[in-house]
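Here is how the chains run, residue by residue.
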Amino acid sequence: MENEGKKERVIEARMKLKSRFEEKMKLTPSIADNKPLGSGPLNRHGMPAIPVGQVVTTKWPVLDLGEQPEVPLQDWRLTIDGAVENPLVLTWEEFMALPQTTGTSDFHCVTTWSKLNMNWKGVRLMDLAALVQPKEQATHIMCYGYDDYSANLLLEEALKPDVLLAHTVEGMPLPEEHGGPVRMITPQLYAWKGAKWINRIEFMTANRLGFWEKRGYSNTAYPWRNDRYS
Ligand SMILES: Nc1nc2c(c(=O)[nH]1)N[C@H]1C(S)=C(S)[C@@H](COP(=O)(O)O)O[C@H]1N2
Ligand SMILES: [Mo]
């Protein structure tokens with residue numbers, strides 16, 4: 001009984017978010033762009049697999065700010081706060097007990113490399129949002145890492161189904177240098193929008209700029225428009 005009620009509430013919260021953001025999502029470039037720039041066969045979202053100016057690599061370069069924080073699982077926390085009805089701090093066990101999603105997606109770095117068809121497992125940002133319930137006025141999120149990193153995102157981008165807080169890649173725990181224990185991935189946007197070593201998601205009622213955005217990177221970061229810098 002208790003569980004049924006819980007499930008009903010989760011579904012209700014999800015449906016509410018969906019109806020609030022469905023129209024906005026349909027208008028975002030990764031869905032609405034009818035002249036996406038790029039080459040190669042179409043990807044799973046109908047976009048050219050290789051966005052304009054990108055080169056495919058099979059290696060996986062590491063990009064960071066010169067620091068790779070080491071976070072033991074028993075110390076790991078994820079804070080979700082700001083403009084939400086139910087702010088939360090999750091432990092590792094609580095995070096892993098949430099619904100888990102697997103997905104294949106591409107990774108496009110603004111420094112021009114793309115790594116295609118990566119297999120991830122983690123928790124959808126959308127599912128976390130359904131738990132905390134963004135307030136009516138929430139429009140953006142800021143994601144923070146255990147390093148000094150931050151990245152801002154429009155909510156209608158963050159709520160897309162392949163935006164994950166990933167803990168597993170290619171069936172293995174996410175390596176520390178790639179942001180383990182947990183990082184965000186944003187396959188429809190340049191990869192800097194996905195914070196490695198993520199430890200906080202702040203819902204915001206107005207846009208603010210993240211680490212690279214303050215330094216001239218694009219607010220929107222859409223790979224099929226060569227939307228790298230502002
Ligand atoms: N916390 C944190 N997240 C980060 C970064 C960073 O320096 N710190 N770099 C970003 C950039 S520019 C890219 S391209 C990707 C790189 O991920 P990778 O090192 O796993 O390839 O992470 C993004 N997320
Ligand atoms: Mo990057």
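Residues numbered from 1 in each chain as written. Chains lettered and ligands numbered in written order. Predicted model: local features only at pLDDT ≥ 70, side-chain atom pairs only at ≥ 80, totals over all residues.

Looking at an unreviewed UniProt entry, one finds the chain named Sulfite oxidase-like oxidoreductase, with Ilyomonas limi as its source organism.

Here's the deal with the overall build of the chain
The line we're drawing: In DSSP terms, a helix is any run of H or I states spanning at least four residues, a strand is any run of E spanning at least two, and both are numbered starting from the N terminus. We compute the radius of gyration over the C-alpha atoms and compare it with the globule rule, which gives 2.2 Å times the number of residues raised to the power 0.38. Exposure is read from a count of other C-beta atoms within 10 Å of each residue's own; the residue is exposed at 12 or fewer, buried at 20 or more and partly exposed in between. C-beta atoms are placed from the backbone. For the purpose of contact definition, each residue receives a C-beta atom placed from its backbone, and two residues are in contact when these atoms lie within 7 Å.
Across its full length, the chain holds five helices and 13 strands. For the chain, the C-alpha radius of gyration of 17 Å lies close to 17 Å, the compact-globule estimate for 230 residues. Out of the 230 residues in the chain, the part that is buried amounts to 38%. Nonlocal contacts in the chain, meaning residues at least 24 apart in sequence, comprise 66% of its contacts between residues at least 6 apart.

Details of the site of ligand 1
To keep it simple, the criterion reads: By convention here, the C-beta atom is placed from the backbone, and a residue is near a molecule or strand when that atom is within 6 Å of it. All amino acids are sorted into three groups, where Ala, Val, Leu, Ile, Met, Phe, Trp, Tyr, Cys and Pro are nonpolar, Asp, Glu, Lys and Arg are charged, and the leftover types, Gly among them, are polar.
Among the 18 residues in the neighbourhood of ligand 1, the closest are listed as Gly-145, Tyr-149, His-178, Trp-192 and Lys-196. Partitioned by chemical class, the residues of the shell around ligand 1 number 11 nonpolar, four polar and three charged.

Considering the sheet that holds strand β13 (residues 198-204)
Paired through their backbone hydrogen bonds, the strands of a sheet run either parallel or antiparallel. Test applied: Strands are labelled as partners when DSSP assigns at least two bridges between them. Axis definition: a line fitted to C-alpha atoms, over the contacting stretch in the case of helices. Angles run 0 to 180 degrees between N-to-C directions.
Strand order across the open sheet formed by five strands is β5-β4-β13-β8-β9, with mixed pairing between neighbours. One side of each edge strand has no neighbouring strand; the edge strands of this open sheet are β5 (88-91) and β9 (150-154). Strand-to-strand twist across the sheet, computed as the mean angle between neighbouring axes with direction ignored, equals 15 degrees. Where strand β4 (residues 77-82) lies against β5, four bridges are found, and the strand directions are antiparallel. Each bridged residue has a counterpart across the sheet, and for Leu-78 the counterpart in β5 is Leu-90.

Description of the environment of Asp-64
Topologically, Asp-64 is positioned in the loop between β3 (55-56) and β4. Among the residues examined, Asp-64 registers 15 C-beta atoms within 10 Å and is labelled partly exposed. Placed 83 residues apart in sequence, Asp-64 and Asp-147 show a C-alpha to C-alpha distance of 8.9 Å. Once residues within four sequence positions are removed from consideration, Asp-64 is found in contact with Asp-147 and Lys-196.

Let's talk about the UniProt feature "domain: Oxidoreductase molybdopterin-binding" (unreviewed entry) in the chain
Selection rule: UniProt positions are given in the numbering used here, feature names are shortened, and annotations may be inferred rather than shown by experiment.
UniProt feature "domain: Oxidoreductase molybdopterin-binding" (unreviewed entry): in the numbering of this structure it lies at residues 69-212. As annotated, residues 69-212 comprises 12% helix and 41% strand, and the C-alpha atoms at either end are separated by 19 Å.

Quick word on the pairing of strand β7 (residues 113-124)
Both β3 and β7 contribute to a ladder of two bridges, which runs parallel. What sits directly across from Val-55, in β7, is Trp-113. Sheet topology places strand β6 (residues 101-108) next to β7; seven bridges connect them, and they run antiparallel. When the bridges of β7 are listed, Phe-107 appears paired with Lys-115. Taken together, β6 and the strand that follows it, β7, pair antiparallel across an intervening segment of four residues, in which Thr-112 is found at a positive phi of about 90 degrees.

Details of the nonpolar core
So the rule is basically this: Residues of type Ala, Val, Leu, Ile, Met, Phe, Trp, Tyr and Cys that are buried and joined through C-beta atoms within 7 Å form what is called a nonpolar core.
Membership of the largest hydrophobic core comes to 50 residues, with the highest contact counts inside it found for Ile-141, Cys-143, Leu-165, Ala-166, Trp-192 and Ile-198. Excluding residues within four positions of it along the chain, Ile-141 makes contact with Leu-153, Leu-155, Ala-158, Ile-201, Glu-202, Phe-203 and Met-204.

Details of the environment of Met-204
As for its position among the elements, Met-204 is in strand β13. Along the primary structure Met-204 and Pro-72 are separated by 132 residues, whereas in three dimensions their C-alpha atoms are 29 Å apart. Those residues in contact with Met-204, other than ones at most four positions away along the chain, are Gly-82, Ala-83, Ala-138, Thr-139, His-140, Ile-141 and Met-142.

Some words on helix α4 (residues 125-132)
Of all eight residues in α4, six are buried, a share of seventy percent or more. Listing the buried residues of α4 in full gives Leu-125, Asp-127, Leu-128, Ala-129, Ala-130 and Val-132. Just downstream of α4, Gln-133 is the residue with a positive phi angle, here 55 degrees.

Considerations on the environment of Ala-32
By the element assignment, Ala-32 lies in helix α2 (residues 29-32). For Ala-32, a count of 9 C-beta atoms within 10 Å translates into the label exposed. In contact with Ala-32, not counting residues within four places along its chain, are Lys-26 and Leu-27.

A short note on unusual backbone geometry
Trans is the common state for peptide bonds, and a negative phi is the common state for residues other than glycine. In this chain, Gly-180 is followed by Pro-181 through a cis amide linkage whose omega measures 15 degrees. Tracing the backbone shows Pro-181 in the loop between β11 (172-173) and β12 (183-185). At Gln-133, a residue that is not glycine, the phi angle is positive and equals roughly 55 degrees. Summarising the element assignment, Gln-133 is placed in the loop between α4 and β8 (140-145). Residue Gln-133 is classed as partly exposed on the basis of its 18 C-beta neighbours within 10 Å.

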